[in-house]
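Now for the letters of each chain:
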Amino acid sequence: MSNAPIRVGLIGAGFAAWDLKVPSYAALDGVEIVAVADPSPDARERAQRELGIPAERCYADPLELVAAGGVDMVDVSTPHHTHCEILVAAADAGIPIACDKPLAMNLREADLIIGAAERTGTPIGMLQNFRWFPSHARVTELVGEGAIGTPTFASVNAIGVFAPDVGGENATSWRLRSALAGGGILIDYGIHVIYLARAYLGGAPFTKVTAHIDRMVVRAGDVEDHATLLLETASGAYASVSLTWGGGSTGNATVFGTEGALKVVHEGGLNAPHNAASAVALTQGRMEQRLDPLTWEVLPLDWYYRGAIASFVARLRGTDDTGPTVDDGRADLEVVLAAYRSAATGEPVTLPLSAADPVYQHGAAGLRALDLPEDSVVLRHDLFRGEADA
Ligand SMILES: NC(=O)c1ccc[n+]([C@@H]2O[C@H](COP(=O)([O-])OP(=O)(O)OC[C@H]3O[C@@H](n4cnc5c(N)ncnc54)[C@H](O)[C@@H]3O)[C@@H](O)[C@H]2O)c1
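These numbers were taken from a predicted model, which means no experiment stands behind them. Counting from 1, residues in each chain are numbered in the order their sequence is written. Whole-chain, interface and lining totals are the exception, using all residues; otherwise, since this is a predicted model, local features are given only for residues with pLDDT of at least 70 and side-chain atom pairs are given and counted only at 80 or more.

### So, the site of the ligand
Only the C-beta atom matters for this test: placed from the backbone, it must lie within 6 Å of a molecule or strand for the residue to be near it. Near the ligand you find 24 residues, and of these Gly12, Gly14, Phe15, Ala16 and Ser77 are the closest. Only DSSP runs of H or I reaching four residues or more are called helices, and only runs of E reaching two or more are called strands; each is numbered from the N terminus. The leading source of residues in the shell around the ligand is helix H1 (residues 15-26), at three residues.

Here it is, written out as structure tokens:
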């Protein structure tokens, strides 16, 4: 690939794209948004006004953008039920894809996407953007350098996470509809804490999942608003992660090892894993030291996706291919689906999921095909009914 700017087709121009990605693209050299696809006329009009994209390069249907070509990659940030069709079309057309989480709604869809990418040799990268936040990147690097010996336990929690339009009786967000989102906070935000916990523990895959989900505060829709997961690796290292939706943003990110612990420090409150941190602390015995205070550019949020996008662009340019791939996206999704299965049945789930499992085939929508106990959270809260207007 030449050094000409990489031409990006932005598919989905909502919250993630406008508030988080556009500033990140603007802060990067060598990338240029040249086309946008979104069914919302307002989003397309905004793309013309604010990004200077010509009207003929603003599409209502992402498949039109893919067919028109003239892009070196697409960046997909649309509701989850649309990912499979968009990714398969782009992969069939040989257009490299940077995809937001989750890769898809279930593993059958994930396999279709991977099959299309393999047929055409098209790179697909997952935007595991939190991994490039300075705090999480530093913890992961220090673990790799042996700063805490062998990592044994990670605790990553995101409590009271704000998400657009998930509160109140009349909330209409697609995030609250299992037919559109594939589940609630677990498939939406949980993927971040799962890949962070895996990175904190040195990268080994999770092999066993035990989970609890609940619906505590959210009133609209048919999905969970709380999840707690116990994630085990084959070596015995494990992670505990908890998530709830709400209006705040608290939490923590810590990893313990045989010779110490590392934690992300937020001096200014708002300490969920997605917030700007001020330092990383290394604890050994009763001593704690702050390592390299982190410098942040809090506004605009150009750091939010900058590292993740830069990593995918480096892959396209052939300068670095260590970023997260479609297989990593599939692995994260499999952990999420195993957690839904465990929470619904009350039993731990050993990975991999069988292709014959209704959850493999249909995601959360397949849970009702299992032999669920009478007190299953799915039945108690009438979750995952699957109607688009739930
Ligand atoms: N990685 C992160 O930090 C992060 C943060 C927020 C959202 N996300 C992800 O980004 C994606 C979008 O979330 P959001 O918060 O921006 O949602 P949103 O509802 O704010 O925006 C979604 C946009 O997609 C458009 N859309 C709907 N169907 C479409 C289709 N078929 N083709 C093209 N566009 C379509 C909508 O009109 C809307 O503009 C999701 O996958 C979500 O999980 C990731």
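### Side note on the packing of H1 against helix H9 (residues 303-317)
Axis geometry follows a simple rule: fit a line to the C-alpha atoms, using only the stretch in contact for helices, then measure angles between N-to-C directions, giving values from 0 to 180 degrees. Their axes nearest at 7 Å, the elements H1 and H9 cross at an angle of 60 degrees. Classed by the angle they form, the pair H1 and H9 counts as oblique. Considering how the two elements wind past one another, H1 and H9 form a crossing that is right-handed. Packed against H1, whose contacting residues are Leu20, Lys21, Ser24 and Tyr25, the element H9 presents Tyr304, Tyr305, Arg306 and Ile309 at the interface. Classes in brief: Ala, Val, Leu, Ile, Met, Phe, Trp, Tyr, Cys and Pro nonpolar; Asp, Glu, Lys and Arg charged; the others, Gly included, polar. Looking at the contact of H1 with H9 residue by residue, the classes come out as five nonpolar, one polar and two charged. To sort the angles, those under 35 degrees are grouped as roughly parallel, those over 145 as roughly antiparallel, those from 65 to 115 as roughly perpendicular, and the leftovers as oblique. Each crossing gets its hand from how the near helix is turned against the far one by less than a right angle, where anticlockwise is left-handed and clockwise is right-handed. Our contact criterion uses C-beta atoms placed from the backbone: two residues qualify when those atoms are within 7 Å.

### Notes on the environment of threonine 254
Its place among the elements puts threonine 254 in strand S11 (residues 250-257). In this structure the C-alpha to C-alpha distance between threonine 254 and glycine 184, which are 70 residues apart in sequence, comes to 24 Å. Each residue touching threonine 254, except ones within four places of it in the same chain, is listed here: Ser155, Ala261, Leu262 and Lys263.

### Topic: the pairing of strand S13 (residues 279-284)
Strand pairing requires that DSSP identify at least two bridges connecting the strands. Both strand S12 (residues 260-265) and S13 contribute to a ladder of five bridges, which runs antiparallel. In the sheet register, alanine 261 faces S13, and the bridge partner there is threonine 283. With five bridges joining them, S13 and strand S14 (residues 287-291) adopt antiparallel strand pairing. Its bridge partner being in S14, alanine 281 is matched across the sheet by arginine 290. Here S13 hands over to S14 after two residues, with glycine 285 in that stretch at a positive phi of 60 degrees.

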